[in-house]
Every structure is written in structure tokens, then in C-alpha cells.
Amino acid sequence: MRKIMKQVALILLCIRHTYALTQSQIGHQRHSGFKYRRNDHVLNFNRADLNDVFCINNAAKRTSNDWCSYQSLNRNNIFKNGSPGIVSLYNDASTKIEKLGDSGRSVASSSTSSMDENFNEDKKKRKKLKRQANRMKVSLALSSMLSAFFLLIYISGPGQWRYYLAGGICAAVSHAITTPVDVIKTKKQVDDSMQDMGIIQSGFKIVKEDGGITALLAGLGPTTVGYLFEGAVKFGIYEVSKPMVRSFLLWAATISNIAWFQSKPLRFIISGTLAGTAASVMLCPMEALRIRLVAEPEFAATGNWVDCGKKMISNEGLMGMWKSLPSMLYKQVPYTVTKNVAFDLLTTSGYCVMIESGRIICGKTKIIIPLLSAILASLLSCVSSHPGDMLLSVMNAHKGKLTTQDHIKGILKENGVRGFFVGIRERLVHVGIIVTVQLLIYDFVKRLVGIPATGL
């Protein structure tokens, strides 16, 4: 009996390690051996050891259902993933197991149960280690981004924090109050059945199918937090970089004798490009989470938005939160450049007209000119950035490995160029409200903290 127990244990152990070998994808013939950790002990096997074990005589077979399931699991994985050499070794082991008599049945049963318990324990340990690794990655990423953010404010110089403060407040408030319109727009972009519906009809459908009126507030948390930092970086870098870009362009104009390098629009465009790029990196993770919460209501039902973010990182990895960065750049850079440059130039032109006509710039003027400039800037920035917004929505709507270029080809193949402007009516309303409110708040907060109004 003791001899049978020893033989059964060795054969089952050999099958288990063969299974581990194939699962870790190192069961190729060019490898002479492998290591597998079990119960905190490292067991070393090489090909000669496996052959010696498989050559044991009087092997055992267990005929109960759980043994058949265990044997089938190993066979399926080995035949699917294993090399010809490993498959041959498994077949040899199975042949010897079939020679087992009834006396070894109980031994095989207890050995199999013990192995299943070890497998489950190992699986739990791996999941726990994965969760701990994800938490460390998230903590490191958050601390790095926050450190970079505050370092950026510090190196910008004395008093420049006011631009970051004004930008963060205006972006967070303006995007938060327009969340319902943003939800409708995103839904229409990722749901083909809603593309021909109007704003009101789409809103009623979302409320009816996705869990009530609160469905229109999906993604409010990541929207507010994401745009708080995005707005601070975008407006802060835009304003702070203007003098540096001006000095660089003045040097370039002197060297090249090209007077156009000193033009104000070029200076604003370069500053806007730098600001939009930095803001995209800050916003990308929160925007990816917001779109997933809107596109998959069942995903949002698993907990609050922080828990959903952890789940998304666990499923797709930390870098999965930045997989749509190219699409974000396609959206944010044109959006930032058009909005900020248009607002700067329009307000400057408006105040110049008032001054040249001999009119006094009063408090009412400082409201009317920024308001009209903000409305025009919102229309221009919406049109210039909508293709990027469309790409961003389809990239983050569902889990997948398609790249930005794959989605561009897919949209062009299905709907042509007009496919990049799906949902633009909703976005005109959305961006119109956002940009108008955002720029008015920005101008107001700037004046509140002692900075002159934009354009003066």
C-alpha cells in the first residue's frame, strides 16, 4: 500500500508540474528544466527527472468524477499550450495511470484534493499580489503627477499660481454643470441606435434604460477632478509660457531675419500647443474612466467612481488609462489652441475698437466683450476638436486593444469623414456652455486675484 501511495503521489505531482510548465509558457523543447513554486518551496525539475518519474511501474488511475475533471483540465491545457515533447510525456503518464487498480483509488482522491487546494491557495496569493502591485502603481503614478503639478507651479515664478487657480476653478465648474449634456453626447457617439435621435429624445432614453435621472450624472466625479487639474495646467502653462515663447521667437526672428516669427498669433499658437499637450497627459486617465462609466452602466454599478477606477486599472493595467492619449491629443491640442488663441485675439480686438472709438471701458464693457468673444471661441474650438473627441469616445467606450489608427480606419470605412462629426449638435450645446462659462469665470477670477482682464 505504501508503495502504491508513493507511485500515485509522484505521478500526480508530475502532471501538476507539467501543467504549470505549459501554463507559464516555458514548456519548449529547448529548455532543459523549469522551476515552479509550491508551498514556498522551489522544486527544480529537468527533462531527465521527468522521464524517471514517468517510468514508474504500476501507476494508478482514479475513476471518480472529480479525478476525470482534474485529468481533463490538465489534458486540455497541455494539448493546447504544450510542446510535442510535453504532450508525449503527458500521454506516457496517462497510460501508466490507467493501470492503477482499485486499491489506489482513495490515495489518488486525497492527492488530487490536496493539489486542488494548493492550486486555489496559489491563485488567491497571485490575485492578492496583483492587487498590491496595482495599488503601488496607482500610488506612484498619483504621487508623481501631483509632485510634477506642484513643482510646475513653483518653478513658474512668484504670483503665477493665480493663473493655475483661475484655470482650475473655471474648468472644474464649467464641465461639472454640463455633465448631463456630455453624457448624452458620449452615448450617441458609442451607441449606433441613438445617432439619429435628438438631444431631448436621447436624454429620455438614457433615463429610461440606464437607471433613472442619475444616469445623466454618470462620470461627474472623474469629470470634476480631472478638469480641475487639466484646467489649472492648461491655463497656467498657456499664460506662463507666453513670455518665454516670445523671447525664443524674437531670437529666431533675429537669426533668420523672418519678421513673421514675432507675430502675436504665432506666439499664442505655440503656447496653446504646449498647454494642450500637458493638459492631455493630466486629463487622460479621468476622461477614460468617465467615458467607461457612461458607455457601460453595468460597469458603473459595481461601486463608486473610485472603485470603478481601481477595477479598470486591475483589468487593463495602469498604462491602459493612457491608451487613448493620441486621441486625447487630437482633441485637446486643437481645442486649447482655438479656444485660448481666439479668446485672446477677439478680446484684444474688441477692447482696441472701444479705445479707438473713444469709448470708456467700464464694468459693463468688461462683461460684454468677454461674453461675445467666449461664444465665438466656443464655436470655433468645438468644430476644430470634434474629430478628436469622437476618437476619444470610441477608444475608451469598451475594453479592447484597437489602436487610434484602427479606429480612424474603421470610422472612415463605415461613415466617411462625416463619421468624425457624429454628435456635433450636442457638443455644440455642450462646448458652447462650457467654454462661455469657463472663459467668463476665468476672466472674473483673474481680476479677483489682481490680474488684468484678458485682452487689456
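Residues numbered from 1 in each chain as written. Predicted model: local features only at pLDDT ≥ 70, side-chain atom pairs only at ≥ 80, totals over all residues. Heavy atoms only, no water.

Enquirer: Sorry if this is basic, but what is going on with the confidence of the model for the protein here?
Expert: Parts of the prediction with low pLDDT should not have their coordinates interpreted in detail. When pLDDT is averaged across the protein, the result is 76; 72% of the residues are at 70 or more. A low-confidence stretch, residues 17-83 stays under pLDDT 50, and its non-local contacts, those more than four residues away or across chains, total 127 contacts. (pLDDT = per-residue confidence, 0-100. Contact = heavy atoms within 4.5 Å.)

Enquirer: Sorry, what's going on with the pattern of salt bridges here?
Expert: Any two side chains of opposite charge can pair, on the condition that their charged atoms come close. Considering all chains together, one arrives at 13 salt bridges under this definition. The partner of E287 in a salt bridge is K331, with the nearest N and O atoms 3.8 Å apart. In this pair, E287 is assigned in helix α10 (residues 264-295) and K331 in helix α13 (residues 325-356), connecting sequence segments 44 residues apart. Per residue, the accessibility class of E287 equals that of K331, and both read buried. Of the charged contacts in the structure, one is a salt bridge between R447 and D443, with a shortest N-O distance of 3.8 Å. In this pair, R447 and D443 both sit in helix α16 (residues 424-448), 4 residues apart, roughly one turn of the helix. Judged by its relative accessible area of 33%, R447 is partly exposed. One continuous salt-bridge network, built from bridges that share partners, spans D182, K185, E287, R290, K331, D389 and R427. (Salt bridge = Lys/Arg side-chain N within 4 Å of Asp/Glu carboxyl O. Helix = DSSP H or I, 4+ residues; strand = E, 2+ residues; numbered from the N terminus. Buried < 20%, exposed > 50% of the residue type's maximum accessible area, 1.4 Å probe, protein only.)

Enquirer: I keep staring at the packing of helix α6 (residues 161-177) against helix α9 (residues 220-256) and nothing clicks. Help me out?
Expert: For any two helices packed against each other, one specifies the crossing angle of their axes together with the interaxial distance. Running from amino to carboxyl end, α6 crosses α9 at an angle of 145 degrees, the nearest separation of the two axes being 6 Å. The handedness of the crossing between α6 and α9 comes out as right-handed. Grouping the amino acids of the contact of α6 with α9 by side-chain chemistry returns 15 nonpolar, 7 polar and 2 charged. (Axes fitted to C-alpha atoms, helices over the stretch in contact; angles between N-to-C directions. Left-handed = near helix turned anticlockwise from the far one by under 90°. Nonpolar A, V, L, I, M, F, W, Y, C, P; charged D, E, K, R; others polar.)

Enquirer: Explain the packing of aromatic side chains here, please?
Expert: The way to describe two aromatic rings as a pair is by their centre distance and the angle between their planes. Summed over the entire model, instances satisfying the criterion amount to 5 aromatic pairs. Note on F248 and W251: the rings are 6.0 Å apart at their centroids and 35 degrees apart in plane angle, and the pair reads as tilted. A residue pair is termed a helical-turn pair when its members lie 3 or 4 positions apart in one helix, as F248 and W251 do in helix α9 at 3 residues. A residue is classified by how much of its surface remains accessible, and W251, at 52% relative accessible area, is exposed. (Phe/Tyr/Trp six-rings, centres within 6.5 Å; stacked < 30°, edge-to-face > 60°.)

Enquirer: How should I be thinking about unusual backbone geometry in this particular structure?
Expert: Residues other than glycine predominantly adopt negative phi, and peptide bonds predominantly adopt the trans conformation. For N257, which is not glycine, the phi torsion reads 60 degrees and is therefore positive. Along the chain, N257 falls in the loop between α9 and α10. By relative accessible area, which is 69% here, N257 ends up exposed.

Enquirer: Got a minute to help me understand the packing of α13 against helix α14 (residues 365-396) in this structure?
Expert: With their axes 8 Å apart at the nearest point, α13 and α14 run at an angle of 165 degrees to one another. By the angle between their axes, α13 is roughly antiparallel relative to α14. Classified by chirality, the crossing of α14 by α13 is right-handed. Among the residues forming the contact of α13 with α14, the class breakdown is 18 nonpolar, 10 polar and 4 charged. (Parallel < 35°, antiparallel > 145°, perpendicular 65-115°, else oblique.)

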